[in-house]
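# Structural features, examined
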Number of protein chains: 2
Amino acid sequence: MKPKLNDVAQLAGVSVTTVSRVINDHGYLSEKTKQKVFAAMRELHYQPNNMARSLQGKNTQLVGLIFSDISNPFFAELVSRIEKLLFAKNYKVILCNSADDPQKERDYLQMLMANQVDGIIAGAHNLGIEEYQQYGLPIISFDRYLSDNVPIVSSDNFNGGWLAAQTLQQAGADKIAIFTGKSHAGSPTNGRREGYEAYLKQQGLTPHVHELPFELSPALKTMEIRTILENHAYNGVFCSDDLTALLTANVAQQLKLTIPTDLRLVGYDGTALIRNYHPNLTTIEQPLADISTLLVSLLLQRIADANCTLEEKYVLPVKLIKGITA
Amino acid sequence: MKPKLNDVAQLAGVSVTTVSRVINDHGYLSEKTKQKVFAAMRELHYQPNNMARSLQGKNTQLVGLIFSDISNPFFAELVSRIEKLLFAKNYKVILCNSADDPQKERDYLQMLMANQVDGIIAGAHNLGIEEYQQYGLPIISFDRYLSDNVPIVSSDNFNGGWLAAQTLQQAGADKIAIFTGKSHAGSPTNGRREGYEAYLKQQGLTPHVHELPFELSPALKTMEIRTILENHAYNGVFCSDDLTALLTANVAQQLKLTIPTDLRLVGYDGTALIRNYHPNLTTIEQPLADISTLLVSLLLQRIADANCTLEEKYVLPVKLIKGITA
């Protein structure tokens, strides 16, 4: 039997009115009360909206987008594309920059789940957000495992890593490093590193893995890259994102390393911004148009039919964009 | 006497139910019907929400953000900052990339006005959107005239243009061009050009103004810049945005012009992205933190009190960021 508002109220030890106010984010409520109500909702797998909406037959025509931060051009282009596609389908988007703040991501999720959106597209960096497991709202994920019933759309990270390493080697590099983020269990982006390692192994070369945390500031990242390049005679570097490749190119210039003669460089992402303003950078392009189209299409399928069968994973092909850095 | 739902219905020649459905964006409605209803609402200055909300005492805790396109790093950083500030005040944002599509901007405005947000922050590029004149919702504008009762927040564009020209001249340039967008009556960004012209005039130098439309693709812009640099012996260029400065630097490299020896270059905007990843570029920084804080603060004042007195214009100081390009 489906849980009722009253069950939530009883378990949380509050009135039905209070539960209703939490769900509708209406009026003053203490953080403690909210947490009690949300905990009870989770425990009972109570889904306010789906029920309320299906009774009323009313959609909000809003979709929540939870991404790390649109200050990063990759997420900016992705969000911009998703917004345009959804607008054409009469949906508007609520934007959440979850940054590196799991609590903000949780707060957003709770607010979005409680009553405001028909679905969510999420591609943030915080892991272990158990709320994704708890609710029945339609969610599609970009490049990140959220929970067993949330489909993941990603580009072919493994092949991208392989292609990057191959490009560096064929351009003449034989001491090839990778600058990448921390690896996380189940994160599809690990594939970039795995592809790089697999290619080097096949060629009898040694992988050199340097983890630069995603949340490190550009200035600190620059310092680390400088130390790495000063202490290793790499002649090829694969950066698992283009912004790190730009920093690496800046450091190479400081160290009087000529690109590509002394150091070959391949990035990853290939946003319009990079292709337009840094045409020299050789990079692996993620198909942002296809990724956005698929994310939106899958979400709309789930909104139309909560029980529709979707794949667990959708992997889209990547493409080498040949600049002059490798 | 305030217009009622019934007055709108009579003028539009539709039923009260239809007007209600248009306002709530609920159920199927033909574009023609919607336009008739919106036209009647405008003519009568009918404001559904303010009335409905003040009766119910209920806010949506949503703010609409209408900006050109977050694919542009300037708007991405601005939107990201605004979102964070509003989140801290328990507001969420609905994002609209109005691109260069006035109809999309109008559609958004109508939807947002009709029933979904407590206020709007707008900084798009489409002009002559009469809807901004028509409704009573709290709106704050960034760097653009919208209507007489909408306060404008901008950075000191005139002083920025002056500072850019002065920096180029003091670095040794005496044939100094400006690459800027089309000028629009009443647009505060014209100030960048006016400041540049005023400084050159004061110094007895001739201004050379080249208008590159904002909406031109980077490839076409690059072609135009190449033609300009090939046909004029400029030794200094002020670009009224940093992205155009990046293109100009790329063209200079193609033409074997050394920066800053042959060509001195100053950009405008100084986003975190530019300062972090292109520290060499000399640019005029808009104070994005202060701009965002002020936009949010003014909007919240207007939301709390629709009749509060605000200035027409708020002008924030800019800052020279000294790289090595000038």
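Before reading further, recall that the structure is shown in the block above.
Below, the structure is looked at part by part. All residue numbers refer to positions counted from 1 along the written sequence of the respective chain. In the order they appear in the text, chains get letters beginning with A and ligands get numbers beginning with 1. Totals for whole chains, interfaces and linings use every residue, but because this is a predicted model, local features are given only for residues with pLDDT of at least 70 and side-chain atom pairs only at 80 or more, for both listing and counting. In computing side-chain properties, one takes all heavy atoms of the structure into account and sets aside hydrogens as well as water.

### Here's the deal with the overall build of chain A
- Each helix and strand in chain A was counted, giving 13 helices and 12 strands.
- Each residue is assigned to one of three classes by its accessible area relative to the maximum for its type, calculated with a 1.4 Å probe on protein chains only: buried under 20%, partly exposed between the two thresholds, exposed over 50%. Within chain A, the proportion of its 326 residues that are buried is 56%.
- Taking the intrachain contacts of chain A between residues at least 6 apart in sequence as the baseline, contacts between residues at least 24 apart amount to 70%.
- The Shrake-Rupley method, run with a 1.4 Å probe sphere, supplies the accessible areas, and residue values consider only the shown protein chains as cover. Accessible area for chain A stands at about 13,600 Å²; split by element, carbon and sulfur atoms hold 51% of it. Helix numbers and strand numbers start at the N terminus; a helix is a DSSP run of H or I with at least 4 residues, a strand a run of E with at least 2. Any two residues having at least one pair of non-hydrogen atoms within 4.5 Å are treated as being in contact.

### Regarding the packing of helix 1 (residues 5-12) of chain A against helix 2 (residues 16-23) of chain A
Residues and elements named next belong to chain A.
- Direction vectors running N to C along helix 1 and helix 2 enclose 105°, while the axes themselves pass 8 Å from each other. Considering their axes alone, helix 1 and helix 2 lie roughly perpendicular with respect to each other. Seen from helix 1, the contacting residues are Leu5, Asn6, Val8 and Ala9; seen from helix 2, they are Val16, Val19 and Ile23.
- Gly is put with the polar residues, along with every residue not named as nonpolar or charged; the nonpolar set is Ala, Val, Leu, Ile, Met, Phe, Trp, Tyr, Cys and Pro, and the charged set is Asp, Glu, Lys and Arg. The class makeup of the residues in the contact of helix 1 with helix 2 is 6 nonpolar, 1 polar and no charged. Lines fitted to the C-alpha atoms define the axes, with helices restricted to the stretch that makes contact. Angles between their N-to-C directions range from 0 to 180 degrees. Roughly parallel means an angle under 35 degrees; roughly antiparallel means over 145; roughly perpendicular covers 65 to 115; every other angle is labelled oblique.

### Description of the sheet that holds strand 9 (residues 264-269) of chain B
All names here are of chain B.
- Overall, mixed pairing links the 6 strands, which are arranged 7-6-8-9-10-12 in an open sheet. The sheet terminates laterally at strand 7 (208-211) and strand 12 (319-321), the two strands that pair on one side only. Neighbouring strand axes in the sheet, compared pairwise and without regard to direction, differ in orientation by 20° on average. Strands were regarded as paired on the criterion that DSSP finds at least two bridges between them.

### Details of the side chain of A:Thr325
Residue and element names in this part refer to chain A.
- Locating Thr325 in the fold gives a position in the segment after strand 12 (319-321).
- Take Thr325: its relative accessible area is 10%, and that puts it in the buried class.
- Nitrogen and oxygen atoms within 3.5 Å of one another constitute a polar contact, given that in protein one can donate a hydrogen and the other can accept it, and given that sequence-neighbouring residues count only through two side-chain atoms. At 2.6 Å, the side chain of Thr325 and the backbone oxygen of Leu265 are in polar contact.
- From its side chain, Thr325 meets the backbone nitrogen of Thr282 in a polar contact 2.9 Å long.
- Residues contacting Thr325, with those up to four places away along its chain left out, are Ile259, Pro260, Leu263, Arg264, Leu265, Asn280, Leu281 and Thr282.

### A word on the packing of helix 8 (residues 157-170) of chain A against helix 9 (residues 190-202) of chain A
All names here are of chain A.
- It is at 6 Å that the axes of helix 8 and helix 9 come closest, and there the two elements cross at 45°. In terms of orientation, helix 8 and helix 9 fall into the oblique class. Crossing geometry of helix 8 relative to helix 9 is assigned as right-handed. Between helix 8 and helix 9, the contacting residues are Asn157, Phe158, Gly161, Trp162, Ala165, Gln166, Gln169 and Gln170 on the first element and Gly191, Arg192, Glu194, Gly195, Tyr196, Ala198, Tyr199, Leu200 and Gln202 on the second. We call a crossing left-handed when the near helix sits turned anticlockwise from the far one by less than a right angle, and right-handed when that turn is clockwise.

### A short note on the packing of aromatic side chains
- Only Phe, Tyr and Trp rings take part, Trp by its six-membered ring, and two of them pair if their centres are within 6.5 Å. Stacked means planes under 30 degrees apart, edge-to-face means over 60, and tilted covers everything else. One pass over the full model with this rule turns up 14 aromatic pairs over all chains.
- On the numbers, 4.8 Å between centres and 15° between planes, the contact of A:Tyr108 with B:Phe87 is stacked. In this pair, A:Tyr108 sits in helix 6 (residues 102-116) while B:Phe87 sits in helix 5 (residues 73-88), so the two residues belong to two different chains. Of the two residues examined, A:Tyr108 and B:Phe87, each falls in the buried class.
- Ring pairs connect the aromatic residues A:Phe67, A:Phe74, A:Phe75 and A:Phe142, which therefore count as one cluster.
- Sitting over a ring, as applied to charges here, requires NZ of Lys or CZ of Arg to be within 6 Å of the ring centre and within 35 degrees of the ring normal. Between the NZ or CZ atom of A:Lys104 and the centre of the ring of B:Phe87, over which it lies, the distance is 5.0 Å.

### Some points on helix 3 (residues 31-44) of chain B
- The end-to-end C-alpha distance of helix 3 of chain B, which contains 14 residues, comes to 20 Å, matching closely the 20 Å that a straight helix rising 1.5 Å per residue would cover.
- Buried within helix 3 of chain B we find B:Thr33, B:Lys34, B:Val37, B:Phe38, B:Ala40, B:Met41 and B:Arg42. Here the expected span of a helix is defined as 1.5 Å times the quantity of residues minus one.

### Some remarks on the relation of the copies chain B and chain A
- If you rotate chain B by 180° and push it 0.0 Å along the axis, it lands on chain A with an RMSD of 0.1 Å. What we have between these two chains is a two-fold relation. If distances are taken from each C-alpha of chain B to the rotation axis, the shortest is found for B:Ile94, at 2.2 Å. Alignment of copies: least-squares fit on C-alpha atoms of residues with pLDDT of at least 70 in both copies.

### Considerations on the side chain of A:Ser240
All names here are of chain A.
- On the secondary structure map, Ser240 appears in the loop between strand 8 (236-239) and helix 11 (242-254).
- Look at Ser240 and you get buried, because its relative accessible area is 8%.
- A polar contact of 3.1 Å, which involves the side chain of Ser240, links it to the side chain of Thr180.
- In this structure, Ser240 is in contact with Phe179, Thr180, Gly181, Arg192 and Tyr268, ignoring residues within four places of it in sequence.

### Some details on the interface of chain B and chain A
- Contacts between the two partners involve 42 residues from chain B, matched on the other side by 42 residues from chain A.
- A simple way to read buried area is as the amount of 1.4 Å-probe accessible surface that goes missing from two parts once joined, with both sides added. Of the roughly 3,700 Å² buried at the junction of chain B and chain A (both faces included), carbon and sulfur atoms supply 58%.
- Among the residues of chain B in contact with chain A, B:Phe87, B:Lys92 and B:Tyr277 are the three that bury the most area, contributing 19% of the side total.
- By salt bridge we mean one thing: a side-chain nitrogen of Lys or Arg within 4 Å of a carboxyl oxygen of Asp or Glu. If you look at where chain B meets chain A, you find 4 salt bridges.
- Two residues, A:Lys104 and B:Glu83, come together in a salt bridge whose shortest N-O distance is 3.0 Å.
- Across the contact surface, chain B and chain A share 15 residue pairs in polar contact (both at pLDDT 80 or more).
- Listed by contribution, the elements that provide at least two residues to the side of chain B that touches chain A are helix 5, strand 2 (92-97), helix 6 (102-116), helix 11 (242-254) and helix 12 (272-277) of chain B.

### Brief notes about unusual backbone geometry
- In this structure, the amide linkage connecting A:Ile259 to the following residue, A:Pro260, adopts the cis form with an omega of 5°.
- Considering the arrangement of structural elements, one finds A:Pro260 in the loop between helix 11 and strand 9 (264-269).
- In this structure, B:Asp143 takes a positive phi of about 60° despite not being glycine.
- With respect to the helices and strands, the residue B:Asp143 is situated in the loop between strand 4 (139-142) and strand 5 (152-155).

### Observations regarding the pattern of salt bridges
- Evaluated as defined, the whole model comprises 22 salt bridges over all chains.
- Ionic pairing is found between A:Arg193 and A:Glu211, a salt bridge with its closest N-O pair at 2.8 Å. Highlighted residues: A:Arg193 in helix 9 and A:Glu211 in strand 7 (residues 208-211), separated in sequence by 18 residues.
- Judged by its relative accessible area of 28%, A:Glu211 falls in the partly exposed class.
- Here B:Glu230 and B:Arg226 are joined by a salt bridge, their closest N and O atoms 3.3 Å apart. One end of the pair is B:Glu230 and the other is B:Arg226, both in helix 10 (residues 218-231) and 4 residues apart, which spans about a single turn.

### Section: the sheet that holds strand 3 (residues 119-123) of chain B
- Strands sit in the order 11(A)-5(A)-4(A)-3(A)-1(A)-2(A)-2(B)-1(B)-3(B)-4(B)-5(B)-11(B) across an open sheet of 12 strands; the sheet is mixed. The two strands at the open ends of the sheet, each matched to only one other strand, are strand 11 (313-316) of chain A together with strand 11 (313-316) of chain B. For this sheet, the mean inter-axis angle between neighbouring strands, taken without regard to orientation, is 25°.
- By the bridge criterion, 4 bridges tie strand 5 (residues 152-155) of chain A to strand 11 of chain A in an arrangement that is parallel.

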